[in-house]
Amino acid sequence: MKQKTLSILEFDKITKRLSGFAVSEAAGKRALELMPETDLQTIAALQRETTDAVGRCLKCTNPAFDKLTDVSGALHRAEIGSVLRIPDLLSIGRILQSARTVSSTQGEQSDSLNGYFMGLTADKQFEDRIFGSFLGEDEVADSASSALQGIRRQMKLASERVKGMLNDMIRSSKYQKMLQDPIVTMRAGRHVIPVRAEYRGDVPGMIHDTSASGATLFIEPMAVVNENNRIREFELKEKDEIERILAEFTAEVALRTETIKQNYALLTNLDFLFAKARMSLAMDGVSPELSLSGETELKKARHPLLDQTSVVPVDISLGEGVLIITGPNTGGKTVVLKTIGLLTLMAQAGLHIPTAEQSRVRICKKIFADIGDEQSIEQSLSTFSAHMKNIVAITNEADGDSLVLFDELGAGTDPTEGAALAISIIETVRAFGARVAATTHYSELKVYAMTEKGVQNASCEFDVETLQPTYRLIMGVAGKSNAFAISEKLGLSKKIVEAAKLRLSEETVKFEDVLTQVEESRKLAEKEAAEAAKLRHEISLIRNTVSKEKETAAEKADKVLEKARQQAREIVLEAKRESDALLEEVKELHSQAGKAGMQKKMVEVKTKLNESVKKIQKVSTPVKAKGVKASDLKIGTSVEVAELGQTGTVLSLPTADGRVQVQVGLMKMHVELSGLSLKEGQTTVTRDGVKSHATSGVKRSNVSAATEVDVRGMLLDDALLEVERFLDQAVLASLTQVTIIHGKGTGALRAGIAQHLKTDKRVASFRLGRYGEGESGVTICELR
């Protein structure tokens, strides 16, 4: 990309803004040097990195890249044997610290940045030694070495002895009158006391300093000279030990130079990537679709350098051919032109662009822009000449991979010649295969766009009533310059305006009238479309409201129904328990056959059983019966009794009033033919003991019953009710072996049924099915 194009489209302002989002100086410098790429795969990889960085910003803690300093010079000195200073070691420690914290806060994720984070190498032990040994840029901790700790301890003891001796002197009456102040201070690194000048001969010792007035002498008494000398010796030892410590750390740094270099490079690279992510979030950017062919389609595009809260988004479509943008001055034509170019540059630099999702950018190897007034007095160039100089260069260099942007093409000269020249230039560049976007006021170019295949009009909308541009871009419609209307609104005499209109050619007037009619039709269509959209929105709201009300009503109904079902289950279970007790009594009565009072007890049991059945009848959901014909029935036929929702067996043929006697369990009842349905797929058993499909070992009885029940897909409570009913029928039919099919699934239904069977007195034993019987998907029960 030419630097001049980047400057015209203000790409340098984008990189400067990006630099502001970087934390480290190195990342900021890299942002300023950012350039667009031209290889599709490279650009796609850069976009993917920015997108992944945005994702991490939203999901994870933002990585800390502050206090990163370029340590390449320090690492080079360490490699050649020079001793590093404390600030160098602290900078290296901060790099190691950042590498550790950044890698730990981000973690391993399957995205394009994972390699950067995995490449960071933490060295917690060396990092802790650096920060534990150096407390500041000029301060070494006592813990840096045991030798240093010992030296400083001895130096402190010596210093305290000196201070003690001097304090004794300043407290004694002998010296109090000789001292300017009763304090111990330091001069030239040695402990001294302030003595008045007139007593200099009375205090033997070394003079290290005098006050500005000369009235005070700072004397080191002879009594402490030896101790001060010892302190000085310890200071020299301390300095030597610190140098030894620095040399030791330098040697360790030299062993880690490659790791530190790699960490620094990765951290600054990540800082740069996250700067792109932060800028994307700040301008609500998206990653565009990329292609080498087709059109550039920018949806809800916003110029990134304008205030994002007030800028008017525009939809721009630039296909294989030419886009002619028209409209009045200050209407936003040049902004649209720059938006096309700048967003293309940003996308090719791996930056997100401020548009809506699903925007598409076609990659260009060259972008040319002739925008702005470049007239130069020094070079004797007029506006037209300056533009033409640029255009000559563009026509010499443009090719099929180029995007060319012309602002006010052909302006600055005779309108007729300028329009003809503009069309010729566009045709020439278009013949190279380049895509072109140009702004103009010339009617000839509007007509050219309307009549030439592959050339499209677009206009920047302007409100003549308010004399304000709306900054909306209308694709497919040529715009008016509105010079007459604007001039009249600004106060120009209507007479002058009318006179000017008379000077227009008939063709021009007709063309302007057509544009006016097109504009009015477009506004009317937009108004109707907006009203239609509003109505659709209102209908959608009403539909959603009705749907929510239906859902609410359905939920309420479900809750009521569920409550009723629960109550029904409780009643049925109570009735079942009573039935179990009654069955036990029946068995007992059978065993006491012939004893006195047995008949009376049988009547009582039968009465209680009927009462239990009536409870079940009250909560059973009626089943709509299909009805049967008298000819369909015979003694032993299995039928569904709709009122009970149960299966029964016909005990007698229909009477004259259309009623038959049916046995349901232990209960015998008369039911109308309309309340019955034939039981399909089940072989009936007659009173005489005619056919049954019971398996071997199953007794025949005068009551029909199935030998298996399928409860797959039921809730446990519902399945237990079904098993209870099935076992009742099996016992009444004197079956000795039955099968319960519950399926394998999670095993919850199998376990619940097994737990229930353990407490059922009708069941002698039960087991899971064997191979060929259904295995763990069925339970085989042996009845008493």
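### A look at the overall build of the protein chain
When you go through the protein chain residue by residue, the secondary structure sums to 22 helices and 25 strands. Taking all 784 residues of the protein chain together, 42% fall into the buried category. Taking the contacts inside the protein chain whose residues are at least 6 apart along the sequence as the reference set, 66% of them involve residues at least 24 apart. Accessible area for the protein chain stands at about 41800 Å²; split by element, carbon and sulfur atoms hold 52% of it.

### Some points on the sheet that holds strand 24 (residues 763-768)
On the basis of which strands lie adjacent, the open sheet formed by four strands has the order 22-23-25-24 and mixed pairing. If you trace the sheet from one side to the other, it starts and ends with strand 22 (708-710) and strand 24, each paired once. Strand after strand, the sheet turns through a mean of 20° between neighbouring axes, direction not considered. Taken together, the three bridges between strand 22 and strand 23 (residues 737-741) define a ladder with parallel strand orientation.

### Points about empty space enclosed by the protein
According to the stated counting rule, one finds one cavity of 30 Å³ or more in the structure shown. Of the pockets and cavities examined, the largest cavity occupies roughly 50 Å³. For the lining of the largest cavity, the element with the most residues is helix 14 (residues 383-397), which contributes four residues.

### What about the confidence of the model for the protein chain?
Put simply, the protein chain has an average pLDDT of 82, and 83% of its residues get 70 or more. Predicted confidence is poor over residues 375-380, with pLDDT under 50, and the contacts of this stretch with residues over four places away or in other chains come to six contacts. Between residues 682-703, whose pLDDT stays under 50, and residues either more than four places distant or in other chains, the model counts 39 contacts.

### Details of the sheet that holds strand 4 (residues 190-196)
Here four strands make up an open sheet; going across it, the order is 3-4-6-5 and the pairing antiparallel. Looking at the sheet topology across the chains shown, the edges are occupied by strand 3 (185-187) and strand 5 (205-210). Direction aside, the axes of adjacent strands within the sheet are offset by 50° on average. Sitting on the sheet, helix 9 (residues 146-171) is in contact with strand 4 and strand 6 (216-221), with an inclination near 15° to strand 4. Packing of helix 11 (residues 225-255) onto the sheet brings it into contact with strand 4, strand 5 and strand 6, and relative to strand 4 it is tilted by some 145°.

### Looking at the packing of aromatic side chains
Applying the stated criterion across every chain, the model contains four aromatic pairs. Between Phe65 and Phe274, the ring centres sit 6.1 Å apart and the planes meet at 45°, which makes this aromatic pair tilted. With a gap of 209 residues between them, Phe65 in the loop between helix 4 (40-59) and helix 5 (72-80) and Phe274 in helix 12 (residues 257-282) connect regions that are remote in the sequence. You can call Phe274 buried: its relative accessible area is 0%.

### Regarding the side chain of Ser133
Tracing the backbone through its elements, the reader meets Ser133 in helix 8 (residues 124-133). Judged by its relative accessible area of 6%, Ser133 falls in the buried class. Setting aside its immediate chain neighbours within four residues, Ser133 contacts Glu139, Val140, Ala141, Ala144 and Phe249.

### Considering unusual backbone geometry
Notably, Asp284 is not glycine yet its phi reads approximately 55°, a positive angle. Following the sequence through the fold, Asp284 ends up in the loop between helix 12 and strand 7 (289-291). For Asp284, a relative accessible area of 55% corresponds to the exposed category.

### What to know about the environment of Glu252
With respect to the helices and strands, the residue Glu252 is situated in helix 11. Through-space distance from the C-alpha of Glu252 to that of Phe126 is 8.7 Å; in sequence the pair is 126 residues apart. Sequence-distant contacts of Glu252, defined by excluding residues within four places in its chain, comprise Phe126 and Arg129. Within the local environment of Glu252, its side chain forms a polar contact with the side chain of Arg129, the two groups lying 2.5 Å apart.

### Concerning the side chain of Asn263
Locating Asn263 in the fold gives a position in helix 12. Classification of Asn263 by relative accessible area gives buried; the value is 0%.

### Side note on the nonpolar core
A general tendency of soluble globular proteins is for nonpolar side chains to be buried together. Grouped together as the largest cluster of nonpolar side chains are 84 residues, with contacts concentrated most on Ile92, Phe134, Val253, Leu270, Ile340 and Met346. If you tally residues by element for this core, the top one is helix 12, at 11 residues. Ignoring any residue separated from it by four or fewer positions in sequence, one finds Met346 in contact with Phe11, Ile14, Gln47, Met283, Pro304, Leu351, His352, Ile353 and Pro354. Membership of the second largest hydrophobic core comes to 22 residues, among which are Ile324, Ala419, Tyr442 and Ala449.

### A short note on the pattern of salt bridges
The final tally for this structure, using the stated rule, is 36 salt bridges. Across the salt bridge formed by Asp142 and Arg152, the nearest N and O atoms sit 2.6 Å from each other. Remark: Arg152 occurs in helix 9 and Asp142 occurs in the loop between strand 2 (139-140) and helix 9; sequence separation between them is 10 residues. Classification of Asp142 by relative accessible area gives partly exposed; the value is 38%. For Arg152, a relative accessible area of 17% gives the class buried. Put simply, Asp760 and Arg762 hold a salt bridge, and the shortest N to O gap is 2.7 Å. A relative accessible area of 8% means that Asp760 is categorised as buried.

Quick notes on the rules
- Residue indices follow the written sequence of each chain, beginning from 1 at its first position.
- Only residues with pLDDT of at least 70 get local features here, since the model is predicted, and only at 80 or more are side-chain atom pairs given and counted; chain-wide, interface and lining totals rely on the full set of residues.
- As a rule here, side-chain values come from all non-hydrogen atoms in the structure, and water together with hydrogens is ignored.
- Numbering of helices and strands runs from the N terminus; a helix is a DSSP stretch of H or I covering at least four residues, while a strand is a stretch of E covering at least two.
- Relative accessibility thresholds used throughout: buried, under 20% of the residue-type maximum; exposed, over 50%; partly exposed, between the two (1.4 Å probe, protein chains only).
- Every residue pair with non-hydrogen atoms within 4.5 Å of one another is taken to be in contact.
- In short, Shrake-Rupley with a 1.4 Å probe defines the accessible areas, and a residue's cover is counted only from the protein chains shown.
- Strands pair, by our definition, only if DSSP identifies at least two bridges between them.
- A fitted line through C-alpha atoms serves as each axis, taken over the contacting stretch for helices, and the angle formed by two N-to-C directions is quoted from 0 to 180°.
- Two kinds of site are reported from a 1 Å grid over the protein atoms alone, namely cavities, where a 1.4 Å probe fits but cannot get out, and pockets, open sets with protein on both sides within 12 Å along at least five of seven lines, and residues are called lining when an atom falls within 4 Å of a point.
- Grid points are joined across faces, edges and corners, and a volume is the space filled by probe spheres set on the points.
- Scored between 0 and 100, pLDDT is the confidence that the predictor attaches to each residue.
- Side-chain rings of Phe, Tyr and Trp (the six-membered ring for Trp) are treated as a pair once their centres are within 6.5 Å; stacked means planes under 30 degrees apart, edge-to-face means over 60, and tilted covers the remaining angles.
- The definition of a polar contact used here is a pair of N or O atoms within 3.5 Å, where within protein one atom must be able to donate a hydrogen and the other to accept one, and adjacent residues in sequence count solely through side-chain atom pairs.
- Buried residues of nine kinds, namely Ala, Val, Leu, Ile, Met, Phe, Trp, Tyr and Cys, make up a nonpolar core once their side-chain atoms join them within 4.5 Å.
- Salt bridges are identified by distance alone: a Lys or Arg side-chain nitrogen within 4 Å of an Asp or Glu carboxyl oxygen.

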